[in-house]
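Take a look at the letters that make up each chain.
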Amino acid sequence: MDRGDNPSSAVCMLCGDAYSLPEDEVVGNLPRALLCGHIYCTSCLCSREDDRVITCPECKVESTLPEAGVSGLQEDSRIIGLIYTAKMNKIKNSRIDKAKLRRKNKLLFTEDDAKTDDEQPADVEKVEKAVDEALAQAAENIAQLDHILQTLVTGLAVQVKKERARLVMEIDEAVDRATHILSKRREALLTELTNMEGRFSSGHVEVNRVQERMKAMEIAMQMAREVRRVPSLEQYCALDKVLETLQAPVDSQSFDMTCITLGSGLSCVLQSESLSRSLADCLKMKAGSPEPLSETPPPRAQQQAGSSRKPPWRQVEGRRSRSSSRTLPSRRKLSAPQQQQQQQDGLRAERPARRSSPSQEPHPRSSLAHHSPDHNPGAPDVIIEELIEEEQEQAVPPTGPELANDKWRSHRRKKHQVNAAPVIFNWVLVTHVLNPSHFYVSYASEKRQFVTLSRWINLLCSGGEGRFTPNDKLETGSMVFMKWKEGVWCRVSVAEVFQSGCVEAVGACPITRLARLRVFFLDYGFTKNIDMQSVDEDGTPGSSLNCVNDLLRRVDVSVQLELSHWPPHAIKCSLKDLVPTDLRKGWSKEAQVEFRRVVGSAAVEMQLFGQDRDFLLVDLRKGPMDRGNGLPISVREYLVFIEVARFYSPVTLGKRPLLYYPPVYPKINTELNAVVTHINTPADFYIQLVDNIEFLLLTAKLQDCYNAMAVGGGDGDLHLYCPVIGQACVARFDDKFWYRGQVIGHPGNRKVEVLYVDFGNKKILSVNDLRKIKDEFFALPAMAVHCCLADVVPLEEESWTDACTDRLTSLAHQKLVTVIATEIVPRNKPLPVRLFESGLDGPMDNMAELLVTEELARFRTGLGSRDAEPPLDDSAVWDPPLEDLLSAEGRSADGDSSDKQTPADQDQEQLQPQLQLPACLKDLKVRVTHVRSPGSFYVQLTRNDTQLKRVCDLLKQQCAPTEPQEVEWKADMFCAALINGVWERGQICSSVTSSNTAEVLRCDFGNKVKLHVSNLRPLQPDLEGSLMLECTLSDIRPAGGRSTWTATACDFISYYLTGASAVMTIKELTDERPVPVVLSCSNQVGQFVSFADSLVSEGLALRERKPREAVVPKPEETASEPPVGEKQPGGPDTDSKRSPPSTPARPALIPFPFSPTSNSTPTSTPPKPAPRTHVSAEKVKTQLYHPPELPCHGHIQMSVSAIGEDGVIYARTHHAECQLEQLRERIQQSMKTLPRQKPYTWKSVLGCAVIGPDMLWYRGQLLEALGGQVKVRYVDYGLVENIPVVHVYPMLLCEDVPQLCMPCQLHGVNPVGRQWQQDAVALLKELLLNRCVDVQVTELPTEPRDCLTVHISLDGMALSRILCHHQHASMDGSSALAQQGNIMTSPVAYLDDRDIDTEGLKSPEEPVLGPFTYPELPQEGQRFQVRVKHLWTPNELFLWPVEEPADVKVDAESLDEALARINQDVDSLPWLTSFPPGAPCLAEYSDGKYYRAKLMNFISTDPVMMLVKHVDFGSDDTLPTSKLRGMPAELLRFPVQALKVRVAGFKAPSVGLEREVLPYSPKWSTKAALDMIDLLHTHITASVVSRQPELTVLLYNEGGELVHLPLVSSGLADLDLDLDLD
């Protein structure tokens, strides 16, 4: 049964056969449904059965057949019902037709019989003629119908194709918009994940606990290693606490490990049902009335374009009849909105053409990557481009920089022209890559114009014009159109032409003999070979004209003229200063692949350096690899880093990277303590000077900063992807700690070589172990000093042996040594130094001499061992032991030993168990042995180290051989104690009980230890004494008003001072202990800084203020006092040999040995500084920085940087912003080191230099000196801060540059209370800080440093009106008149660089209404009856005269009647679209009716709310714009019925006793307002007192008395006696 016999139109979608029912012996073809729901006929399903499985041809779902096979599948009853119904209807209709035919035949037979009886036989010839005519007419009709049928079929196919293309374009646009919305939503959701670490607070707590435990363990391990290496260091630390920390077991149960198994509780939920419903509602096919296909683009686009110009496709149609109309559509000058809309319409109409652009395959639209936190506004948001990847030969036609500079490039390209002076940045797309030295780009900004041009070329070539004729020739260098893909035509330049029968290329070739040619795509940058060879009819090879016309179109003169305005889009470029790694092999395939991969198809930033022949020398900057990093990556540096290219000349960067300050070299012939950090050879090693507190602080801060970022995942912004040689960085070492480093090489394999600038060692690391360094860690210079061992050379004069290097490493590596620099050398050479082993007795063996002695090195020619000894000068504090002196004498050249004495005699003469202070109490070198607090710590003079060692040796000789004795140890007894294997002097703190454990004070160190009595021995009386001195820091006191030092201050000073070497100056020597001193330590530049200043800068102490009269001169008899070490005035003479006294006095425990009778302890007495001598300050005088450059009158854009507490606004112009960046870099480069801090007299200091909180330098102006701090204003920012004196220096920075920030004040604005209140200043800061505002300069100051008088507007709203609305200020008369009805805007600031076409714009439809009119009031002094309508305050209200002439009628209609009539048809009134302040309008009240009102101001913008005043009632209301209507002009003829007046005779009370006040007028109480309302409820009369400056009246009650008298009598108001009634 074929389809024509089927009674139903239901057919199988797979084979096209109709479904049929089984009849008799005929097997039917029933429809059956698969499991997926698709329906096919039985025959198709049987043919697709495979092992009882059928795969759906549409959705590819497999359906398993039942046991009965295909026959067992479910039949579709709906289709079967349709087939059966159609069959029954056909049978029924056939029966009816047969019955009708029988009746008709019967009727005709009866009529024929009648005619046969009555008429003659018909004429046969006439019948035949009629039949022939009818057949001829039928043939013509059939031909016409066939023509109509063909037309309809062809038109229907075209119609379907066009409509489908249009709908596909609209669907793609809708999907693109939806995708863009989803991407924006994704970005919004991703921003919520920035603070994800905050949701795991428990995990952070446990991490901090573990890190603190590890930090404590590392400190303890370091201390234990040092004690293990040098056992004598045990006396400087609490070894028992160290051992306890090391031996403490780690209990994993004490840490909550379950915190890492818990999630954040957040989840991203997709509401699929609501999304499906929303998509179905917002993205659907909408049916509408059909539109003619010839009317393209749609009428909506034509209306929006607003231009009568024909679209491009209409121009192509018209070009077939008029060849003179060949003009490009976009070359006609249109307004910017028209251009944009026209291009959008063209893109919508020609979407298939856009998808067929010259490319391998179209890429989907992708969003441009974010390049920096401060996103470039010139960067495109969405860019689509294809990258041509065919490997072609080098292009011959010129497409170089001349195309970017030629005079005929359009104005849109001017901003991309090459300028050799500045560095230019443009957004481009890479279209074709041959190698990094030869590639092509196109400007991203010209993407839209390129699409328009391509569409125009496609329409031009598809019309059949430009075909070649047999007489045409094709010449080299000519421009033709070529079909690159189906439906895509491009303009190309003919590079080479090959003629049939010729091997070489020819200059011109007849089109009929064209064999092949090579063309260059001008807009893409690649070449292509085209073979035009074909076979003619005679069998000979030739060129078919049809084949040429299928691929090429010629360009006539008119089209060339139009194309001359469109330069080629492909620009030839080359990466500047980049060459292959191997110049012999050239560019590798890997270089080309990596270049394409890193550039991709998105837009990149091109940095233009210059031009070389026909190449642009550029660098491409790709967006960051991750979204967290905002810095672009240089493609040049990336290719060099992956070792596929190299620089052949130094790269000139736009901005030099920050470098470390060079290390501070020690002074010549000065002994310093240092640690040898790294040794390469004896001629190449590094040292680090010790006792630098600031370096310890910086190291600790460095670890905390980068470890916290690594744990929290916030170090994404600090990753280094492409490090540059010489770049400063932070590198991770093997111990997992971070250290400052510098990149010094690229060894390969994606690794870098790093120099640790604070230690001197080098290491090759992966890029993953590098981080960018923050600016704050540049504050200190590099700490590693490059040195070489002086006075010695290798034995072989060639190189140092490994044995010599190993020996020096064992002697000095990571050990404390004494360093003496011998000479000054350039920075690029190692510093010659002498190294000495450091010990308690001072410098010991010279390491160079040890190397010479062990025959590992030799002295330089002319040098000996004595030349290597440390120099002795007046400043030396070392007192060498007697053995060293004797050995030195033994090594003398003359061998004279006649004056030698025995060691016992030498000890007996020089042994001094008591502390003897020198006559000069300044700059004493000391070692801090024990710290309790800033008010109590103990020091040893380094000059007494020899004495201390001799005392210890003597105790060892006396006590070591003896056995423990049974002694009753009582408090204050002296003893010899064995502490950490060393015998020392001690004093019992408390009587020993049965525990056999004694608490002993170490007499020479100051700390207390607990020892077993077996470690104690009696001390001989001649050895009793102490070599320590208890001190306190002078000139400071505890912070926070406390009398005792905080635990933080004690821990701070104990951490940095215990065991440290320092310089001490005793302020005044008295009998009181502790002694007030000034303790100084070395800073980063080798200068000594008071530790008291460090405590003040850390906020742990305050400076002790002293009166000017407290200058105490030093007593003259000080020099005649007995030595400090004498126990009593009557003691034995110190010059004679000391013998034990007969009755020695027992000194006290703590003040020993200086105050034998004192029993006070430092723990019970607060710090009490002794009187200090007055130090004269240095007088310094500086001038102010130059005043700022003031702008001219008029509008200007300014950036607000600060708001003063007095309401002064500090702002900078755009030019000043540019200068600020240059000034900042210039200041930081000029300040390499810290100036020396001295006491100054700040009275004559005006301009100064300030170290900010970020450790950067700023210019300042000193305002006031406040003890230890000064009040400074940053002259380039306007900020005012109180800064410690140590951070301010009386010097000028870049004094040739004027201050960049200028003060401004608002014009015509009076603050409430005549000065700006705190809430007003807070509002100004919220509105203006760090914001660019529009400023109108109204008045320049007479002095250039005074304030500018300006108007400021924020988004078109005057700042003065905002302040007045918030009741922070009021406007005076002049400014009110100047600003009434105006909102200050700058006409230039809101215009773009496009042309504004005002053609066709209509004038505003709303009439411009004038102001309201006011009634005429009676003369002054005349009383008239009034009605009060609204009360603002008791003496400010709105009233209305009841009698004539107030009752006014216009056209026999009162105001109430007119409003009632208008409210009946209020919907006919137009909506209000213009909102100038003071404009009349109709406003809806709470009763739903509209009344006359006046616009006051905008209240909010989201939603838009307006403040209006009902002029007939005096009340204010806040309404949306939907409740505002335009007012008819006739209502302006009625005067306002609410006059604002001031009631004379009383005022607000001077002393308010009521708690509840009016919020908008706090001087009036709420009770006074309520009582005044009650007084006004009677018949009130008024008399005018004055009309200027405001309407003032007196109100009277029914008895003729003043209304306000009851308020005065009750104390709610005061009489206004100053009222001038005249």
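Structure: see above.
Residues numbered from 1 in each chain as written. Predicted model: local features only at pLDDT ≥ 70, side-chain atom pairs only at ≥ 80, totals over all residues. Heavy atoms only, no water.

A. Quick peek at the overall build of the protein. For the protein, the helix and strand inventory stands at 31 helices and 78 strands. A buried classification covers 41% of the 1622 residues belonging to the protein. Accessible surface for the protein amounts to roughly 90700 Å². Of this, 52% is attributable to carbon and sulfur atoms. (Helix = DSSP H or I, 4+ residues; strand = E, 2+ residues; numbered from the N terminus. Buried < 20%, exposed > 50% of the residue type's maximum accessible area, 1.4 Å probe, protein only. Areas by Shrake-Rupley, 256 points an atom, 1.4 Å probe, with all protein chains shown as cover.)

B. Focus on the environment of I1053. In this fold, I1053 is placed in helix 23 (residues 1047–1057). Given a relative accessible area of 0%, I1053 falls into the buried group. For the pair I1053 and R932, spaced 121 residues apart in sequence, the C-alpha separation works out to 8.6 Å. In contact with I1053, other than residues within four places in its own chain, are V931, S933, P934, L1033, T1058 and F1091. (Contact = heavy atoms within 4.5 Å.)

C. Expanded view of the nonpolar core. Counting 44 residues, the largest nonpolar core has L1437, L1482, L1531, L1576 and L1595 as the members making the most contacts within it. Broken down by secondary-structure element, the contributors of at least two residues to this core are strand 65 (1423–1433), strand 66 (1436–1441), helix 29 (1455–1464), strand 68 (1490–1501), strand 72 (1539–1543), helix 30 (1566–1575), strand 76 (1580–1586) and strand 77 (1592–1596). Among the elements that take part in this core, helix 29 stands out by supplying 4 residues, more than any other. Counting residues in each nonpolar core, the second largest holds 41 residues, with L608, I633, L639 and V754 among its members. (Core = buried A, V, L, I, M, F, W, Y, C linked by side-chain atoms within 4.5 Å.)

D. Here's a closer look at a negative patch on the surface. Together, E125, E128, D132 and E133 make up a region of like negative charge exposed at the surface. Looking at the element boundaries, E128 is found in helix 3 (residues 124–191). Using a relative accessible area of 48% as the deciding quantity, one classes E128 as partly exposed. (Patch = residues over 30% accessible without salt bridge, like charges linked within 9 Å, V, L, I, M, F, W, Y side chains within 5 Å. Salt bridge = Lys/Arg side-chain N within 4 Å of Asp/Glu carboxyl O. Lys, Arg positive; Asp, Glu negative; His and termini not counted. Charge placed at Lys NZ, Arg CZ, Asp CG, Glu CD.)

E. Expanded view of helix 29. L1455, A1458, L1459 and I1462 are the residues of helix 29 that are buried. An end-on view of helix 29 places all buried positions within 95° of arc, on one side of the element. Turned more than 90 degrees away from the buried face of helix 29 sit D1456 and Q1464, all of them exposed. (Arc of directions from axis to C-beta.)

F. Structural view of a nonpolar patch on the surface. Residues I171, V175, L283 and M285 make up a contiguous nonpolar surface patch of about 350 Å² in total accessible area. If you trace the backbone, M285 turns up in the loop between helix 6 (272–282) and helix 7 (299–305).

G. Inspection of the packing of aromatic side chains at higher detail. In this structure the tally under the stated criterion is 26 aromatic pairs. Considering the side-chain rings of F439 and F595, the 5.0 Å spacing of their centres and the 45° angle between planes classify their relative orientation as tilted. Of the two residues, F439 sits in strand 8 (residues 438–443) while F595 sits in helix 15 (residues 589–599), which places them 156 residues apart along the sequence. The same class applies to F439 and to F595, which are both buried. Where Y1491 meets F1513, the ring centres are 5.6 Å apart and the plane angle is 90°; that geometry is what we call edge-to-face. With Y1491 in strand 68 and F1513 in the loop between strand 69 (1504–1510) and strand 70 (1516–1520), the pair connects residues that are 22 residues apart, well separated along the chain. According to the relative accessible area criterion, Y1491 is buried, its value standing at 17%. Of the aromatic side chains, those joined through ring pairs into one cluster are F450, W484, F521, Y524 and F526. (Phe/Tyr/Trp six-rings, centres within 6.5 Å; stacked < 30°, edge-to-face > 60°.)

H. The arrangement of helix 25 (residues 1214–1230) in detail. In this model, helix 25 (17 residues) spans 25 Å end to end at C-alpha, consistent with the 24 Å of a helix rising 1.5 Å per residue. Buried within helix 25 we find A1216, L1220, L1223, I1227 and Q1228. (Expected span 1.5 Å × (residues − 1).)

I. Up close: unusual backbone geometry. A positive phi angle, near 55°, is found at N669, a position not held by glycine. If you trace the backbone, N669 turns up in the loop between strand 23 (645–647) and strand 24 (671–681). Looking at N669, the relative accessible area reads 42%, which means it is partly exposed. If you check the backbone angles, M1255 has positive phi at about 65° while not being a glycine. Locating M1255 in the fold gives a position in the loop between strand 54 (1247–1251) and strand 55 (1257–1266).

J. Representation of the pattern of salt bridges within the structure. This structure, assessed with the given rule, holds 39 salt bridges. Between R166 and E170 there is a salt bridge, and its shortest N-O distance comes to 3.0 Å. Of this pair, R166 and E170 both sit in helix 3, separated by 4 residues, roughly a single helical turn. On the accessibility criterion, R166 (31% relative accessible area) is partly exposed.

K. Examining the packing of helix 4 (residues 201–229) against helix 5 (residues 239–247) more closely. Their axes nearest at 9 Å, the elements helix 4 and helix 5 cross at an angle of 125°. The orientation of helix 4 with respect to helix 5, classified from their angle, is oblique. The handedness of the crossing between helix 4 and helix 5 comes out as left-handed. Two secondary-structure elements touch here, helix 4 through A216, M217, A220, M221, M223, A224 and V227 and helix 5 through L239, V242, T245 and L246. Considered class by class, the residues forming the contact of helix 4 with helix 5 number 10 nonpolar, 1 polar and no charged. (Axes fitted to C-alpha atoms, helices over the stretch in contact; angles between N-to-C directions. Parallel < 35°, antiparallel > 145°, perpendicular 65-115°, else oblique. Left-handed = near helix turned anticlockwise from the far one by under 90°. Nonpolar A, V, L, I, M, F, W, Y, C, P; charged D, E, K, R; others polar.)

Nothing here speaks to function; it is all geometry.
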